[in-house]
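Take a look at the letters that make up each chain.
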Amino acid sequence: MFGLKKRRQDSLFIKTQDVIEFIREDYEDSVAFSLMEIRFEEKEHIIGSCLVPYDAEENKENIRFVFDDNIFDSIDEFIFFIKQDNAIGNLEAIIEVVKAGIINGEAVLKSPWYEERLAQKAVNNQL
């Protein structure tokens, strides 16, 4: 009657392989994806890519890939690590995105749903 929409959940759920694909696409375009806080099997992790040093020019040579305290120079090393049991272990696994767009330690998005590509691939998308 009033056109009110149901408020979205703060978290969204997505396949690990979709997140990896976004990170890879951005890297191919010489763009750092940014970092996300995710939850997998009740453990929270930081995943994504960033510039090293943080104020470097945005190009492939300065992009690094992150999983928690691990930093990788190549996308292939990053994916190999993610596939290991000590990380996520399976690219088909569903992960919960708690925060997205983390830059310099702060989430610049109020909700992961504001990252359009994540929202489109969310397995709990309720458009």
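In what follows, the accompanying structure is described. Throughout this document, residue positions are counted from 1 along each chain, in the order its sequence is written. Thresholds applied to this predicted model are a pLDDT of at least 70 for local features of residues and 80 or more for the giving and counting of side-chain atom pairs; totals over whole chains, interfaces and linings are not thresholded and use all residues. Heavy atoms from the whole structure form the basis of all side-chain values; hydrogens and water molecules are not counted.

1. Re the overall build of the chain
- On a plain count of helices and strands, the chain comes out with three helices and seven strands.
- Only DSSP runs of H or I with at least four residues qualify as helices, and only runs of E with at least two residues qualify as strands; both kinds are numbered from the N terminus onward. When the helices and strands of the chain are placed in sequence order, the string is β-α-β-β-β-β-α-β-β-α.
- Each radius of gyration is computed over the set of C-alpha atoms, and the globule rule expresses the reference value as 2.2 Å times the number of residues to the power 0.38. Here the chain has a C-alpha radius of gyration of 15 Å; the compact-globule value for 127 residues is 14 Å, and the two agree.
- With respect to the three principal axes, the spread of C-alpha positions in the chain is 55 × 35 × 25 Å.
- Counting across all 127 residues of the chain, residues that qualify as buried make up 45%.
- Residue pairs at least 24 apart in sequence account for 56% of intrachain contacts in the chain once pairs closer than 6 positions are excluded. Think of it in three bands: residues with accessible area under 20% of the maximum for their type are buried, residues over 50% are exposed, and the middle band is partly exposed, with areas taken using a 1.4 Å probe on protein chains only. Here a residue-residue contact requires only that any non-hydrogen atoms of the pair lie within 4.5 Å.

2. Considering the side chain of Thr-16
- Among the structural elements, Thr-16 can be located in helix 1 (residues 16–28).
- Of the residues examined, Thr-16 reaches a relative accessible area of 0% and is grouped as buried.
- Among residues more than four places away in sequence, those in contact with Thr-16 are Ile-82, Ile-88, Asn-90, Leu-91, Ala-93 and Ile-95.

3. Regarding the packing of aromatic side chains
- Think of it this way: a Phe, Tyr or Trp ring, Trp meaning its six-membered ring, pairs with another when their centres are within 6.5 Å, and the plane angle makes it stacked under 30 degrees, edge-to-face over 60, tilted otherwise. In the structure shown here, the tally under the stated rule is five aromatic pairs.
- Three or more aromatic residues joined by ring pairs form one cluster here, namely Tyr-27, Phe-65, Phe-67, Phe-72, Phe-78 and Phe-81.
- Sitting over a ring, as applied to charges here, requires NZ of Lys or CZ of Arg to be within 6 Å of the ring centre and within 35 degrees of the ring normal. The cationic tip of Lys-60 hangs over the ring face of Tyr-27; the distance from NZ or CZ to the ring centre is 5.4 Å.

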